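For reference, the chains in residue letters:
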Amino acid sequence: KAGVTQTPRYLIKTRGQQVTLSCSPISGHRSVSWYQQTPGQGLQFLFEYFSETQRNKGNFPGRFSGRQFSNSRSEMNVSTLELGDSALYLCASSFDPSGSSYNEQFFGPGTRLTVL
Amino acid sequence: GDSVTQMEGPVTLSEEAFLTINCTYTATGYPSLFWYVQYPGEGLQLLLKATKADDKGSNKGFEATYRKETTSFHLEKGSVQVSDSAVYFCALFNGGATNKLIFGTGTLLAVQP
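Reading the values: the criteria
Residues numbered from 1 in each chain as written. Chains lettered and ligands numbered in written order. Predicted model: local features only at pLDDT ≥ 70, side-chain atom pairs only at ≥ 80, totals over all residues. Heavy atoms only, no water. Helix = DSSP H or I, 4+ residues; strand = E, 2+ residues; numbered from the N terminus. Rg over C-alpha atoms; globule rule 2.2 N^0.38 Å. Buried < 20%, exposed > 50% of the residue type's maximum accessible area, 1.4 Å probe, protein only. Contact = heavy atoms within 4.5 Å. Areas by Shrake-Rupley, 256 points an atom, 1.4 Å probe, with all protein chains shown as cover. Lys, Arg positive; Asp, Glu negative; His and termini not counted. Charge placed at Lys NZ, Arg CZ, Asp CG, Glu CD. Buried area = accessible area lost by both parts, 1.4 Å probe. Salt bridge = Lys/Arg side-chain N within 4 Å of Asp/Glu carboxyl O. Polar contact = N/O pair within 3.5 Å; in protein donor to acceptor, adjacent residues only side chain to side chain. Nonpolar A, V, L, I, M, F, W, Y, C, P; charged D, E, K, R; others polar. 1 Å grid on protein atoms, 1.4 Å probe; cavity = no way out; pocket = protein on both sides within 12 Å on 5 of 7 lines; lining within 4 Å. Points joined across faces, edges and corners; volume = space filled by probe spheres on them. Disulfide = S-S within 2.5 Å.

Caption draft 1: Just the overall build of chain A, in detail. When its secondary structure is counted, chain A shows zero helices and 11 strands. Ordered by position in the sequence, the α and β elements of chain A form the string β-β-β-β-β-β-β-β-β-β-β. Taking 13 Å as the expected radius of gyration for a compact globule of 116 residues, we find that chain A reaches 13 Å, a close match to that expectation. Projected onto the principal axes, the alpha-carbon positions of chain A cover approximately 40 × 25 × 25 Å. Burial analysis of chain A (116 residues in total) assigns 50% to the buried set. Considering only residue pairs separated by 6 or more positions, chain A has 56% of its internal contacts joining residues 24 or more positions apart. When the accessible area of chain A is evaluated, it comes to approximately 5,400 Å², of which 49% is carbon and sulfur surface. With 11 positive and 7 negative side-chain charges, chain A shows a spacing of 5 Å between the two charge centroids.

Caption draft 2: Up close: the environment of Arg-15 of chain A. Residues and elements named next belong to chain A. Tracing the sequence through the fold places Arg-15 in the loop between strand E2 (10-13) and strand E3 (19-24). Note: C-alpha distance between Arg-15 and Leu-81 (66 residues apart in sequence) is 4.9 Å. Setting aside anything within four residues of it in sequence, one finds Arg-15 in contact with Leu-81, Glu-82, Leu-83, Val-115 and Leu-116.

Caption draft 3: Molecular detail of the interface of chain B and chain A. The partner chain A presents 25 residues to the 18 residues of chain B that form the contact. Summed over both partners, the interface of chain B with chain A comes to about 1,700 Å²; 55% of that surface belongs to carbon and sulfur atoms. Counting every contact that joins chain B to chain A gives zero salt bridges. Linking chain B to chain A there are three residue pairs in polar contact (both at pLDDT 80 or more). At the level of elements, strand E5 (32-38), strand E6 (44-50) and strand E10 (86-93) of chain B are the ones that each hand at least two residues to the side of chain B that touches chain A. Sorting elements by how many residues they give to the side of chain B that touches chain A places E5 of chain B first, with three residues. Counted by class, the side of chain B that touches chain A contains nine nonpolar, seven polar and two charged residues.

Caption draft 4: Main features of the layout of surface pockets. Quantified by volume, the largest pocket comes out at close to 440 Å³. Along the walls of the largest pocket sit 23 residues, with Gln-37 and Arg-112 of chain A together with Gln-38, Val-87 and Phe-89 of chain B positioned nearest its centre. Contributions of two or more residues to the lining of the largest pocket are made by strand E4 (31-38) of chain A together with E10 and strand E12 (107-112) of chain B. In this structure, the second largest pocket occupies an estimated 250 Å³ of space. Along the walls of the second largest pocket sit 15 residues, with Leu-43, Gln-44 and Phe-45 of chain A together with Lys-100 and Ile-102 of chain B positioned nearest its centre. Secondary structure elements with two or more residues in the lining of the second largest pocket: strand E5 (42-50) of chain A together with strand E11 (102-103) of chain B. Broken down by element, the residue count for the lining of the second largest pocket peaks at four residues, all from E5 of chain A.

Caption draft 5: Seen up close, the state of the cysteines. Residue and element names in this part refer to chain B. Summed over all chains, the structure comprises two disulfides over all chains. Between the sulfur atoms of Cys-23 and its disulfide partner Cys-90 the distance amounts to 1.9 Å. Classification of the bridge connecting Cys-23 and Cys-90 rests on its S-S torsion, roughly -70°, and on that basis the disulfide is left-handed. Residue Cys-23 is found in strand E4 (residues 23-26), and its partner Cys-90 is found in strand E10; the two are separated by 67 residues along the sequence. Exposure class is identical for Cys-23 and Cys-90. Each is buried.

Have a look at this one:
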């Protein structure tokens, strides 16, 4: 079974631009979560989607948004990029059939975003 | 709110040395606790977990015991190898209809031959 895939793996943007990152979960998984990883802040939760609905959201500004499609693939978008948005963005998927309890998350390799 | 605190890295050890990475948590209720490992250029992999007090998680020679009285979940390995070099994250899950994990800042382990 293929693992979680993220595209692109590397991205360079300039301040003020916007960016869209993509995540394809493991087949059959319905929950997709996004995390931002930086040297200073570590791993911080961005948001989680389950069955095309945002189920939980971290403490990030509205410039960060996401969505999930009917096939469970997810995208996250960052508008008006700032230097501080440079980070590794990790996506994780889990089976979660009932949507009611924790299921083991499987992480993708991440997208490395550099903002110049 | 809930939080996880890990010892600062990097931790540099010689091969076959004993490893301890400290992790303490703050949470209401009875969280589940995890250790994840991140090898260079890769995503996170679940290393081990414990879901209730006094549980011991173990995998690949690594162990951690859920100590509610000290709110700790320290990672240990008796004899590290060069291939164990990676970043290790302690994390907790504290219930609800969500899969949100709260992570510590990570500890870089470098094992020298």
